[in-house]
Amino acid sequence: MASSSVTPLLLLVSILICSIVATSAGNFYQDFDITWGDGRAKILNNGDLLTLSLDKTSGSGFQSKDQYLFGKIDMQLKLVPGNSAGTVTAYYLSSQGPTHDEIDFEFLGNLSGDPYILHTNVFSQGKGNREQQFYLWFDPTADFHTYSILWNPQRIIFSVDGTPIRQFKNSESIGVPYPKNQPMRIYSSLWNADDWATRGGLVKTDWTKAPFTASYRNFNANTCVISSYGASSCTSSSSNGNSNAWMEEQLDSTSQERMKWVQKNYMIYNYCSDSKRFPQGLPPESASS
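Residues numbered from 1 in each chain as written. Predicted model: local features only at pLDDT ≥ 70, side-chain atom pairs only at ≥ 80, totals over all residues. Heavy atoms only, no water.

## As for the environment of Ala287
Rules: Elements are defined by DSSP. Helices are runs of H or I of four residues or more, strands are runs of E of two residues or more, and each kind is numbered from the N terminus. Think of it in three bands: residues with accessible area under 20% of the maximum for their type are buried, residues over 50% are exposed, and the middle band is partly exposed, with areas taken using a 1.4 Å probe on protein chains only.
Note that Ala287 resides in the segment after β17 (267-270). The class of Ala287 is exposed, set by a relative accessible area of 82%. Spatially, the C-alpha atoms of Ala287 and Ser273 are 9.9 Å apart, while their sequence positions differ by 14 residues.

Now the structure itself:
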């Protein structure tokens, strides 16, 4: 459904009344709804595993039962193996409507032996075009790996297996909108995008290899959940007394160096350095992202 904006006053109240509740790692039956795919999405192993499948007729997808206003979210994924060209596995946070906010992980499939492309983007008030793309330093189809989003009032950090790969800072002070007023759900889907996903659409999906399957496990979240009447409750999987530290978390010097290492060795596209795309000048947040 379309989400309504949360007023700054409600946002402040929501943060102030956050209560920390200890919870265990997520169960897919409890935390998510399968939303499309006509049986191609399955929850297995008593709720510990979820699989999405794609064939020539349809893909599949799911979404979180709850809406969040800020959070630290982990999900382990094992991507489509073999010839995954033309397929996209998307895992993202999003609100609804023409001025929606969104925080994206998208995994663009490729021919056997060629690397996946990890595509990231941030939308605020309906505006995106903030793409950064990476190769990974491992085979994401051989085993499960953890993909994380930290979203707090100061910054958004994308991480892979605990290594930060991208940071998008709150730059409202220089006129850049930041996602902070619209509650978002978690969404994930596996779908055919062979018109653009692999080498700009040159490589098409090989349907003889279908069904294509991606797997999910070990969802874990420290979040502020927004109820249907606008109240906020902050939950945590941590039992220590500093379990809400994610609300002010930032990269320490070691994490900054690890992110620089990833960006130097594995980043393949950065909108912040694409002067041909932005001939009138790079986006203002580029100096800090």
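Anyway, onward from the coordinates.
## Some thoughts on the confidence of the model for the protein chain
Interpretation of this model should avoid reading the predicted coordinates in detail wherever pLDDT is low. Quick note on the threshold: The score called pLDDT rates the predictor's confidence residue by residue, from a low of 0 to a high of 100. Two residues form a contact once any of their heavy atoms are found within 4.5 Å.
Taken over all residues, the pLDDT of the protein chain has a mean of 89, while the share at 70 or more is 87%. Low pLDDT, under 50, characterises residues 1-24; the stretch is placed with 45 contacts to residues that sit more than four places away or in other chains.

## A word on the packing of aromatic side chains
Stated precisely, the cut-off is as follows: For Phe, Tyr and Trp, rings pair up if their centres lie within 6.5 Å, where Trp contributes its six-membered ring, and each pair is then called stacked (planes under 30 degrees apart), edge-to-face (over 60) or tilted (otherwise).
Inspection of the entire model under this criterion finds 19 aromatic pairs. With a centroid separation of 5.3 Å and 90° between ring planes, the pair formed by Phe105 and Phe158 is classed as edge-to-face. Linking Phe105 in strand β8 (residues 102-108) with Phe158 in strand β12 (residues 155-160), this pair joins segments that are 53 residues apart in sequence. Under the relative-accessibility criterion, Phe105 is labelled buried at 0%. Seen from their ring centres, Phe107 and Tyr147 are 4.8 Å apart, and the 70° between their planes marks the pair as edge-to-face. In this pair, Phe107 is assigned in strand β8 and Tyr147 in strand β11 (residues 145-151), connecting sequence segments 40 residues apart. Comparing Phe107 with Tyr147, the two get one shared label, buried. Joined through ring pairs, the aromatic side chains of Phe28, Phe32, Phe62, Tyr216 and Phe219 make up one cluster.

## Topic: the pattern of salt bridges
Formally: Salt bridge, as used here: a side-chain nitrogen of Lys or Arg that lies within 4 Å of a carboxyl oxygen of Asp or Glu.
Within the structure shown, the criterion is met by eight salt bridges. Two residues, Asp55 and Arg40, come together in a salt bridge whose shortest N-O distance is 2.9 Å. Within this pair, whereas Asp55 is found in the loop between β4 (49-54) and β5 (60-64), its partner Arg40 is found in the loop between β2 (32-36) and β3 (42-44), the two being separated by 15 residues in sequence. For Asp55, a relative accessible area of 24% translates into the label partly exposed. Between Lys209 and Asp206 there is a salt bridge, and its shortest N-O distance comes to 3.0 Å. Classification of Lys209 by relative accessible area gives partly exposed; the value is 46%.

## Things to note about the sheet that holds β17
Sheet strands pair via backbone hydrogen bonds, and the direction of the pair is either parallel or antiparallel. For clarity, the cut-off: Only when DSSP finds a minimum of two bridges between them are two strands counted as paired. Axes here mean lines fitted to C-alpha atoms, for a helix over just the part in contact, with angles spanning 0 to 180 degrees between N-to-C directions.
In space, the eight strands of this open sheet follow the order β2-β5-β14-β7-β8-β9-β10-β17, with antiparallel pairing throughout. Where the open sheet ends on each side, the last strands, each with one partner, are β2 and β17. Within this sheet the neighbouring strands show an average axis-to-axis angle of 15°, counted without direction. Looking at chain direction, β2 and β5 are connected through four bridges and run antiparallel. Paired with Trp36 across the two strands is Gly61, which belongs to β5.

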